[in-house]
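Remarks on the overall topology
Here's the letter readout for the chains.
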Amino acid sequence: MEPIEEIKKIVGKITKLEVKDNWIEVPPDKKFGDFSCTIAFDLAKEMKRNPNEIANEIVKKIKLGKESNFSKIEVISGYINFFLKKEEFCENLLNKILKEGKKFGRLNIGKRIRTMVEFSQPNTHKAFHIGHLRNTCLGDALSRILEFANFDVIRANYPGDIGTHVARCLWCYLKFHRGEEPKERKGEWLGKIYAEACKRIEENPAYEAEVKEILKKLEERDKKLINIWRKTRKWSLDDFKRIYKELDVKFDVYFFESELERKGKRIVEEALKKGIAKISEGAPIVDLSAYGLDVFMLLRSDGTSLYSTKDLALAKEKFEKYKIKKSIYVVGSEQKMYFQQLFKTLELLGFKQASDCYHLSYELVMFESGKMSSREGTVVLYDELADKMKEKAYEEVRKRNPKISEKEARKIAEIIAIGAMKYGMLKFDNNKVIIFDWEKMLEFEGDTGPYLQYACVRANKILEKYGEIENKIRCNQVEEVEIELIKQISIFPALIKKICETYKVNLLADYCYRLASKFNEFYDKCPVLSEKDEEKKRMRIAIVHATKLVIERCLLLLGIKIPEFM
Ligand code: ARG
């Protein structure tokens, strides 16, 4: 059992409580132990008592068995500090990992619970920009982590292929660009037409009526217009598919807004019949002011459907057709209120699973100078970023490997570039705005994807040189840097559990960076292949092997590939 699990078990047994993850810390200073438990502070608050007393009472009841990872437990000002039996702990953990291999950290947390993660959801007829990249990386990594923890994950995409933005784009296309068609990246081109449309309409608001006409015709499925819609919609969808392929992101299901209009309208009718919705100024609304949620509009007054109309249908479709138990929506934080309104409305409609719907929100990607806007054409497009990253990575690869073929250099460069982009999105807490900075994005040292890839490549190289690894090792004496590294490895399973409960993907990025840094410290201080003492050498190889397994797993879960060399 890893130390964290052991602490949870011992303390849990005595207090008869489920020991929370955030009650266990790794103290910054070794004199406070290898792990520390802060449970006494919370209990003290609750019981209005002194934390130190409570901590002492707990510790008095602890009897450490022979099997325990710990040699001693101390209480200092309310903290319960655990000290490892260093050699034994290292030996046990390393041997466990040698035995489990790639299975290390794979816990049955999900118990095959069917969970849908809806993410990416770009709008057709608009550009795919780095905000979508953030969403896509987040949803993909979360899906991978949940899958690893044995959830039965369904990855869903929900492109907005109908609505005002489509009407605007098609209006501008028909009025000013009829018949034009670029050779490639057609979706990106449509995004430009959309931005142009917004500009023209702003300059001449009278155009709004023409757009409305188009929207109405689209909704009535006007034959001629639908053909153009279908053709241009495909341009966008093809572009998205190309991007997903490059990012190695897969979806199990595609829902489309255009396919949910009718079902949505029926639900609105039902809501009106049930008296949950009413007509206000010609449009059906739900008054949610009693819940502090304002008024939720379900249709336009001219009867055309809204974003909300389709979401009512989507929520039901997900649960009914796919028999899911949990529905996660990865959507920007500007829609927080919207999702509260949506879920409340579903609940009022008697939809029991409304409480199993969860909005996982994330913040914007912004420039130092302010918001990016696809209406104003001031967004960084995915392709723009990817092209620059690939070029930069290519230069770096070339510098280091002048002899490899062009094709190989391009291939490695792409793995590095995509790794850098993904890590650059995932290392930030989803609730924090990312200030986009070209310079920082193009860095490959420090807290970046390539740095982590490189740690893995380095470990692989050592292992390759060594050859076959023993399946059992001994630790007679371990250095401080070794213990620190092994401790870091040991917390991986607990971390996975925490992420499955909090959906905080950035914790994994953070963890992986710390692990790679500790590995590099170890590498600087401890000779591996050149170590003379055979037993020590075998132990160090086991350390490298364990580190590699965990870094590789972290990167895999973050959706980052590992190149053969760099
Ligand atoms: N396409 C939408 C947008 O760009 C996001 C869709 C989010 N999902 C949902 N079920 N509403 O804002």
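Residues numbered from 1 in each chain as written. Predicted model: local features only at pLDDT ≥ 70, side-chain atom pairs only at ≥ 80, totals over all residues. Heavy atoms only, no water.

Quick look at the layout of surface pockets now. In this structure, the largest pocket spans a volume of roughly 1200 Å³. It is strand β11 (residues 326-332) that provides the largest number of residues to the lining of the largest pocket, a total of four residues. For the lining of the largest pocket, a count of residues per class yields 18 nonpolar, 16 polar and 13 charged. Approximately 590 Å³ is the volume attributed to the second largest pocket. Surrounding the second largest pocket, 22 residues form its lining, Met1, Glu6, Lys9, Ile10 and Ser68 being those nearest its centre. When contributions to the lining of the second largest pocket are tallied by element, the ones reaching two or more residues are α1 (3-15) and α4 (86-100). (1 Å grid on protein atoms, 1.4 Å probe; cavity = no way out; pocket = protein on both sides within 12 Å on 5 of 7 lines; lining within 4 Å. Points joined across faces, edges and corners; volume = space filled by probe spheres on them. Helix = DSSP H or I, 4+ residues; strand = E, 2+ residues; numbered from the N terminus. Nonpolar A, V, L, I, M, F, W, Y, C, P; charged D, E, K, R; others polar.)

Glu118, Gln121, Asn123, Tyr158, Tyr307, Asp311, Leu314, Tyr329, Val331, Gln335 and Phe339 make up every residue found near the ligand. Here a nitrogen atom of the ligand sits 3.0 Å away from a polar atom, N or O, in the main chain of glutamine 121. Its free accessible area being 350 Å², the ligand has 87% of it covered by the protein chains. Judged by the fraction of its atoms near the pocket grid, the ligand is located in the largest pocket. Secondary structure elements with two or more residues in the shell around the ligand: α11 (307-322) and β11. No other element matches the three residues that α11 contributes to the shell around the ligand. (Near = heavy atom within 4 Å. Polar contact = N/O pair within 3.5 Å; in protein donor to acceptor, adjacent residues only side chain to side chain. Areas by Shrake-Rupley, 256 points an atom, 1.4 Å probe, with all protein chains shown as cover. Sits in = over half its atoms within 2 Å of the grid points.)

Below, the discussion takes up the sheet that holds strand β6 (residues 152-157). The parallel open sheet is built from five strands, whose spatial order is β7-β6-β5-β11-β12. Each edge of the sheet is formed by a strand with only one pairing partner; in this case those strands are β7 (253-254) and β12 (357-362). (Pairing = 2+ DSSP bridges.)

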